[in-house]
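# Secondary and tertiary structure notes
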Amino acid sequence: ALGRELFGVKTPWEKLDAILKGWRPGEVTVWSGKSGAGKSTMLNQVFLDLIKKDNKICIYSGEMPPPRFLRWALIQYCEDGNPEYNTWSTALNDISDSIYVLNIGRIMDTDKMIDDFKYAAKRYGVSHFIIDSLMTISFNGANDRAKYQAQADFVSALTVFAKQFDVHIHLVAHPRK
């Protein structure tokens, strides 16, 4: 049908779909809000929904180590604050072929991140990338102006990557940091 190329993978929320028309490939979505407002929690809901729709996800969570991140995601997946071992095991098995978590023990370099994303897109067919958050990425710059320019350059590079690989990127950016 005419205009179908304007639609992407449906979001978990009908009202948001009516506005965005889904998560379209070749685009970057910036998630912003106050600390503790629920950006990461909502993104977990997004990525769990994407997995249910047979999409592969790559996540860089600079604010949380991978084991803690996965525990939090599995609690949401299981809809149980204290799931039993068999529930954990089944849930992890359900999502293990669809989620790739970058295990970085330090602040991430922009070039390394984009290289890792390219690898995940080519090798594993990842179609959605989550960066949580912009604040945990290394930007070399002696002053705020240089840092802001480096952040703008990085977002531009993400946009080029999204278009080049026909993927969608979700980026958390704290408004005052």
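Calculation criteria
- Residues numbered from 1 in each chain as written.
- Predicted model: local features only at pLDDT ≥ 70, side-chain atom pairs only at ≥ 80, totals over all residues.
- Heavy atoms only, no water.
- Helix = DSSP H or I, 4+ residues; strand = E, 2+ residues; numbered from the N terminus.
- Buried < 20%, exposed > 50% of the residue type's maximum accessible area, 1.4 Å probe, protein only.
- Pairing = 2+ DSSP bridges.
- Axes fitted to C-alpha atoms, helices over the stretch in contact; angles between N-to-C directions.
- Contact = heavy atoms within 4.5 Å.
- Phe/Tyr/Trp six-rings, centres within 6.5 Å; stacked < 30°, edge-to-face > 60°.

### Comments concerning unusual backbone geometry
- Along the chain, Asp132 connects to Ser133 via a cis peptide bond; the corresponding omega equals 15°.
- Within the element layout of this structure, Ser133 appears in the loop between strand E5 (128-132) and strand E6 (137-138).
- Here the phi dihedral of Asp54 falls at roughly 65°; this positive angle occurs in a residue that is not glycine.
- Within the chain, Glu79 stands out as a residue other than glycine whose phi angle is a positive 55°.
- Mapping Glu79 onto the fold places it in the loop between helix H3 (66-78) and helix H4 (85-95).
- Here Glu79 falls in the exposed class, since its relative accessible area comes to 71%.

### Overview of the pairing of strand E7 (residues 168-172)
- The buried count for E7 comes to five of five residues, which makes it a mostly enclosed element.
- Covered by surrounding structure in E7 are His168, His170 and Val172 together with Ile169 and Leu171, the residues of both alternating faces.
- Note that strand E1 (residues 27-31) and E7 share five bridges and pair parallel. Bridge pairing in E7 links Thr29 to His170.
- The sheet contact formed by E5 and E7 spans four bridges and is parallel. Bridging from a neighbouring strand, His128 pairs with His168 of E7.

### Section: the sheet that holds strand E3 (residues 99-101)
- On the basis of which strands lie adjacent, the open sheet formed by five strands has the order E1-E7-E5-E2-E3 and parallel pairing. Each end of this open sheet is capped by a strand with a single partner; those strands are E1 and E3. Direction aside, neighbouring strands of the sheet carry axes that sit 15° apart on average.
- Inspection of the sheet shows strand E2 (residues 57-61) paired to E3 by three bridges, in the parallel sense. Looking at the pairing, Ile57 lines up with Ile99 of E3.
- Across the sheet, helix H2 (residues 39-52) touches E1, E2, E3, E5 and E7, and the angle it forms with E7 is around 160°.

### Brief notes about the environment of Asp111
- Inspection of the secondary structure puts Asp111 in helix H5 (residues 110-124).
- Asp111 sits in the exposed class, given a relative accessible area of 54%.
- When the C-alpha atoms of Asp111 and Leu48 are compared, they prove to be 27 Å apart, with 63 residues separating the residues in sequence.

### Some thoughts on the packing of aromatic side chains
- Applying the stated criterion across every chain yields a total of nine aromatic pairs.
- Ring geometry for Phe47 and Phe69: centres 5.9 Å apart, planes at 25°, overall stacked. Of this pair, Phe47 sits in helix H2 while Phe69 sits in helix H3, placing them 22 residues apart in sequence. Each member of the pair, Phe47 together with Phe69, is buried.
- For the ring pair Phe117 and Phe129, a centre distance of 4.5 Å and an interplane angle of 40° mean the geometry is tilted. Pair noted here: Phe117 is in helix H5 and Phe129 is in strand E5, with a separation of twelve residues, a long-range link. Comparing Phe117 with Phe129 shows no difference in burial state: the two are buried.
- The structure contains a cluster of three or more aromatic residues connected by ring pairs, namely Phe117, Phe129, Phe161 and Phe165.

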